[in-house]
Amino acid sequence: HGDCVAVMATLPAASIDLVLTDPPYGCNYRDRAGRRVANDNRTDWLEPAFAQVARVMKPDSLCVSFYGWHVVDQFMAAWRAAGLRPVAHLVFPKRYASRTGTFEARHEQAYVLAKGSPKVARPIPDVLPWAYTGNKLHPTQKPLEALCPIIAALTRPGDMVLDPFAGSGSTLVAAQLLGRGYVGIE
């Protein structure tokens, strides 16, 4: 537990095989009961957090990061400043709307970011299945059905997976189920 920038600073450089994370989206989220997500009302943490992410990533490795679409320019600037480059975009269609305004929000999305020139043994589709987890306490919990194929395709048994914004811990559960090591920070 702790600030991910401070905790990642204690991890050895080039020690992580895959980063799979769902950081705050910078959208000032509030649920129907008035609960908020910590640090979701600002984005000044993006650059220092992803600088540490890039530092702990092994050469020629990947980071999969969900993001807030309305501040994608700020996410992209932080990723690029850290030396990460986008190599793919993942989309997860949902059968339900998680938010309704002018449009119904019926998908999640994540960028796949590269440090160096990673090689992937078997490609996966860029549109992946989604299932609602039913977790009413964590508003954006990612389902194991969405995370397991990513970890399975981008790592090998024994590799180390990092989620610096671990939330409910589903990335860590997926890594454990697949025989990967894991580090989570929340």
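Definitions and limits used
Residues numbered from 1 in each chain as written. Predicted model: local features only at pLDDT ≥ 70, side-chain atom pairs only at ≥ 80, totals over all residues. Heavy atoms only, no water. Helix = DSSP H or I, 4+ residues; strand = E, 2+ residues; numbered from the N terminus. Rg over C-alpha atoms; globule rule 2.2 N^0.38 Å. Buried < 20%, exposed > 50% of the residue type's maximum accessible area, 1.4 Å probe, protein only. Contact = heavy atoms within 4.5 Å. Areas by Shrake-Rupley, 256 points an atom, 1.4 Å probe, with all protein chains shown as cover. Pairing = 2+ DSSP bridges. Axes fitted to C-alpha atoms, helices over the stretch in contact; angles between N-to-C directions. Phe/Tyr/Trp six-rings, centres within 6.5 Å; stacked < 30°, edge-to-face > 60°. Lys NZ or Arg CZ within 6 Å of the ring centre and 35° of its normal. Parallel < 35°, antiparallel > 145°, perpendicular 65-115°, else oblique. Left-handed = near helix turned anticlockwise from the far one by under 90°. Lys, Arg positive; Asp, Glu negative; His and termini not counted. Salt bridge = Lys/Arg side-chain N within 4 Å of Asp/Glu carboxyl O. Polar contact = N/O pair within 3.5 Å; in protein donor to acceptor, adjacent residues only side chain to side chain.

Caption draft 1: Broad picture of the overall build of the protein chain. When helices and strands are tallied, the protein chain shows five helices and eight strands. Against the 2.2 N^0.38 benchmark of 16 Å for 186 residues, the protein chain shows a C-alpha radius of gyration of 16 Å, consistent with a compact globule. The principal-axis extents of the C-alpha atoms in the protein chain amount to approximately 40 × 35 × 30 Å. Taking all 186 residues of the protein chain together, the buried fraction comes to 42%. The contacts of the protein chain with a sequence gap of at least 6 include a subset with a gap of at least 24, amounting to 67%. Here the protein chain has roughly 9600 Å² of accessible surface; of this, 56% comes from carbon and sulfur atoms.

Caption draft 2: Highlighting the sheet that holds strand S7 (residues 160–163). The sheet built from six strands is open, its strands ordered S3-S6-S2-S1-S7-S8 with mixed pairing. Two strands in the sheet have a free side with no partner beyond their single neighbour: strand S3 (85–93) and strand S8 (181–184). Averaged over all neighbouring strand pairs, the angle between strand axes comes to 20°, with direction disregarded. Strand direction decides the pairing type here: S3 and strand S6 (residues 107–115), joined by eight bridges, are antiparallel. What sits directly across from Pro93, in S6, is His107.

Caption draft 3: Expanded view of the packing of aromatic side chains. Enumeration according to the criterion identifies eleven aromatic pairs in this entry. Taken together, the ring pairs connect Trp45, Phe50, Tyr67, Phe75, Trp79, Tyr111 and Phe165 into an aromatic cluster. The aromatic ring of Phe66 is capped on one face by Lys142, whose charged end is 4.7 Å from the ring centroid.

Caption draft 4: Examining the packing of helix H4 (residues 144–154) against helix H5 (residues 170–177) more closely. Interhelical geometry of H4 versus H5 gives an angle of 50° and a closest axis separation of 9 Å. Our classification of the angle between H4 and H5 gives oblique. Between H4 and H5 lies a crossing whose hand is right-handed. Residues Leu144, Leu147, Cys148 and Ile151 of H4 touch H5, and the partners they reach there are Ser170, Thr171, Val173, Ala174, Ala175 and Leu177.

Caption draft 5: Looking closely at the side chain of Arg180. Looking at where Arg180 falls in the secondary structure, it is placed in the loop between H5 and S8. Buried and without a salt bridge, Arg180 has Asp159 as its closest oppositely charged side chain, separated by 5.9 Å. Side chain to side chain, Arg180 and Thr155 meet in a polar contact 2.8 Å long. Here Arg180 is in contact with Ile151, Ala152, Thr155, Arg156, Pro157, Gly158, Asp159, Val161 and Ala175, once residues within four sequence places are set aside.

Caption draft 6: Representation of the environment of Gly158. Looking at the element boundaries, Gly158 is found in the loop between H4 and S7. What makes Gly158 exposed here is its relative accessible area of 57%. A C-alpha to C-alpha distance of 36 Å links Gly158 and Ala105, two positions 53 residues apart in sequence.

Caption draft 7: Broad picture of the pairing of S6. By the criterion of burial, S6 is predominantly enclosed, with seven of the nine residues buried. Two strands pair when backbone bridges link them, and strand S2 (residues 57–66) and S6 are joined in this way by six bridges, in the antiparallel orientation. Within the sheet, the bridge partner assigned to Ser61 lies in S6 and is Lys115.

Caption draft 8: View of unusual backbone geometry. Its identity as a non-glycine residue notwithstanding, Ala14 has a phi of 55°, on the positive side. Looking at where Ala14 falls in the secondary structure, it is placed in the loop between helix H1 (4–8) and strand S1 (16–21). Positive phi values are uncommon outside glycine, yet Asp60 reaches one of about 60°.

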